[in-house]
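# Reading the structure
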Amino acid sequence: MNSIEFDPATRLPLNVLHENSTGWGPALLAQYGAAALEEEVLEELKEDIAACVAAGTAGAISVHAGTERDVTFVTASVRCTAPACIAHGAALDTLNALPDRSSELHTMLTATRQLASPVLLLGDIPDPAAAAWRTGVLHTAVVELAAACQHAARRTPAAAEPLASAVGAAQCRLVPGGLDIHDYPGVLTRLPADDPALWARAAALLATTFTELAAVADLEQGAAARG
C-alpha cells in the first residue's frame, strides 16, 4: 500500500510512504514465531522497493507491531521521493476516490473535475514531487473520463462520433509524450525517473488533455439535456 505525505503548510507532496502489512493469528504465530512474521513483511517490502533503494530515493525502513482482537500485525514502511512512486501513489488515490467508470458521464465528469481542479489551479511547478503528483492525478482523471466517454458513446448513438473523436484525440496527444490512456497506471512507473523536467512536461500535457476532453463531454451533456 502506498500513500502520499504532504507538507501541512503548502499542501504539496513530500514523498510517498510505501507500506507492507501482514497479520497472523495465534496458530501461525505459535508455529513460526513473531520474528518470522517480521521477516516475511520486511522481505516483501524490500522486494517492492528494490529499485528505489538502488536509486537512493528510499529512506530507512520502520517496523511497527500491533494486535487487533487475536491477530498480530507487523507493518513495515519506508518514505520514498521517487517521482514515479509519487505519481503511482497519486494515481491510485485518485482512482479510489472516483466512481465506477461505467457510471453516467455527468457523474464521472463532475467527480474528475472535483479531483483535478485543485491540481489544475496549482499551475506548472518545477518541483519534481509536485509535478509527479499532478501527473498521477491528471492521468487518472483523463483515463477514467475517457472510459466514461466511451461508455456514453455506446449508449447514445447521437453522441458517439464526437465522444469517440475526443478520446482518440486525447490518446494521440498523450502517446508522443510517453503517456497512454490504455496502459494504466503502469505507464507512470516507466517514465524516466532521472529527468525531473519530464514530469513537469507530462503534467502540463495532461492538464491540457483533461481540459479539452472535459469540454467535449460538457458539450455532449448539454446537447443530451436539450434533447
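Numbers given to residues run from 1 along each chain, matching the order in which its sequence is written. A pLDDT threshold of at least 70 governs which residues receive local features in this predicted model, and a stricter bar of 80 or more applies before side-chain atom pairs are shown or counted, although totals over entire chains, interfaces and linings include all residues. As a rule here, side-chain values cover all heavy atoms of the structure and leave hydrogens and water aside.

## Some words on the nonpolar core
For clarity, the threshold we go by: In plain words, nonpolar cores are sets of buried Ala, Val, Leu, Ile, Met, Phe, Trp, Tyr and Cys residues tied together by side-chain atoms within 4.5 Å. Only protein chains enter the accessibility calculation, which uses a 1.4 Å probe; a residue whose area is less than 20% of its type maximum is buried, one above 50% is exposed, and one in between is partly exposed. Note on definitions: a residue-residue contact is assigned when non-hydrogen atoms from the two residues lie within 4.5 Å.
The biggest cluster of nonpolar side chains holds 62 residues, and the ones touching the most others in it are Leu105, Leu145, Cys149, Leu179, Trp199 and Leu213. Contact partners of Leu179, with chain neighbours within four places excluded, come to His139, Leu174, Val187, Leu188, Leu191, Ala202, Leu205 and Leu206.

## Quick word on a negative patch on the surface
Let me state the cut-off plainly: Exposure above 30% relative accessible area and no salt bridge define the residues that can form patches, which grow by joining like charges within 9 Å and nonpolar side chains of Val, Leu, Ile, Met, Phe, Trp and Tyr within 5 Å. Calculation of accessible area relied on Shrake-Rupley with a 1.4 Å probe; when residues are assessed, cover is drawn exclusively from the protein chains displayed. Salt bridge, as used here, is a side-chain nitrogen of Lys or Arg placed within 4 Å of a carboxyl oxygen of Asp or Glu. Only four residue types enter the charge count, namely Lys and Arg as positive and Asp and Glu as negative; His and the chain termini do not. Just so you know, the charge point we use is NZ for Lys, CZ for Arg, CG for Asp and CD for Glu.
A cluster of acidic side chains, namely Glu39, Glu43, Glu44, Glu47 and Asp48, defines a negative patch on the protein surface. On the basis of relative accessible area, Asp48 is assigned to the exposed category, the value being 57%.

## As for the pattern of salt bridges
Selection criterion: Secondary structure follows DSSP: runs of H or I at least 4 residues long count as helices, runs of E at least 2 residues long count as strands, and numbering of each begins at the N terminus.
Applying the stated criterion to the full structure yields 5 salt bridges. Residues Glu5 and Arg79 are paired through a salt bridge, measuring 2.6 Å at the closest nitrogen-oxygen approach. Residue Glu5 is located in strand β1 (residues 2-6), and its partner Arg79 is located in strand β4 (residues 71-80); the two are separated by 74 residues in the primary sequence. Of the charged contacts, one joins Asp218 and Arg113 as a salt bridge, the two residues approaching to 2.8 Å between their closest N and O atoms.

## Some words on the packing of aromatic side chains
Counted only if it meets this: For Phe, Tyr and Trp, where Trp contributes only its six-membered ring, two rings pair if their centres lie within 6.5 Å, and the inter-plane angle classes them as stacked under 30 degrees, edge-to-face over 60, or tilted in between. Charge-over-ring contacts are defined here by two conditions on Lys NZ or Arg CZ: a distance within 6 Å of the ring centre and an angle within 35 degrees of the ring normal.
A complete count under the given rule lists 2 aromatic pairs for this structure. Residues Phe6 and Trp133 carry aromatic rings whose centres are separated by 5.3 Å and whose planes lie at 75° to one another, so their mutual orientation is edge-to-face. Of this pair, Phe6 sits in strand β1 while Trp133 sits in helix α6 (residues 128-155), and the two are 127 residues apart along the sequence. Each ring, one from Trp24 and one from Tyr32, has its centre 5.9 Å from the other, and the planes form 55°; the classification is tilted. Its relative accessible area of 8% is what places Trp24 among the buried residues. We note Arg11 situated over the ring of Phe6; from NZ or CZ to the ring centre the distance is 4.8 Å.

## Side note on the packing of helix α5 (residues 105-122) against α6
To keep it simple, the criterion reads: Orientation is described by axes fitted as lines to C-alpha atoms, over the contacting stretch for helices, and by angles from 0 to 180 degrees between their N-to-C directions. Each angle gets one of four labels, with under 35 degrees taken as roughly parallel, over 145 as roughly antiparallel, 65 to 115 as roughly perpendicular, and the rest as oblique. The sense of a crossing depends on the near helix, which, turned anticlockwise from the far helix by less than a right angle, makes the crossing left-handed and, turned clockwise, makes it right-handed. When residues are sorted by character, Ala, Val, Leu, Ile, Met, Phe, Trp, Tyr, Cys and Pro go into the nonpolar class, Asp, Glu, Lys and Arg into the charged class, and all the rest, Gly among them, into the polar class.
Relative orientation of the contacting elements α5 and α6 amounts to 160°, with a least axis distance of 9 Å. It follows that α5 is roughly antiparallel to α6 by the angle criterion. In this structure, α5 meets α6 at a crossing whose hand is left-handed. In contact with Leu105, Met108, Leu109, Thr112, Leu115, Ala116, Val119, Leu120 and Leu122 of α5, α6 contributes Trp133, Arg134, Val137, Leu138, Ala141, Glu144, Leu145, Ala148, Cys149, Ala152 and Arg155. By residue class, the composition of the contact of α5 with α6 is 16 nonpolar, 1 polar and 3 charged.

## Remarks on the side chain of Thr94
In this fold, Thr94 is placed in helix α4 (residues 83-97). In this structure Thr94 comes out as buried when scored by relative accessible area, which is 6%. Setting aside residues no more than four positions away along its own chain, Thr94 makes contact with Leu115, Val137 and Thr140.

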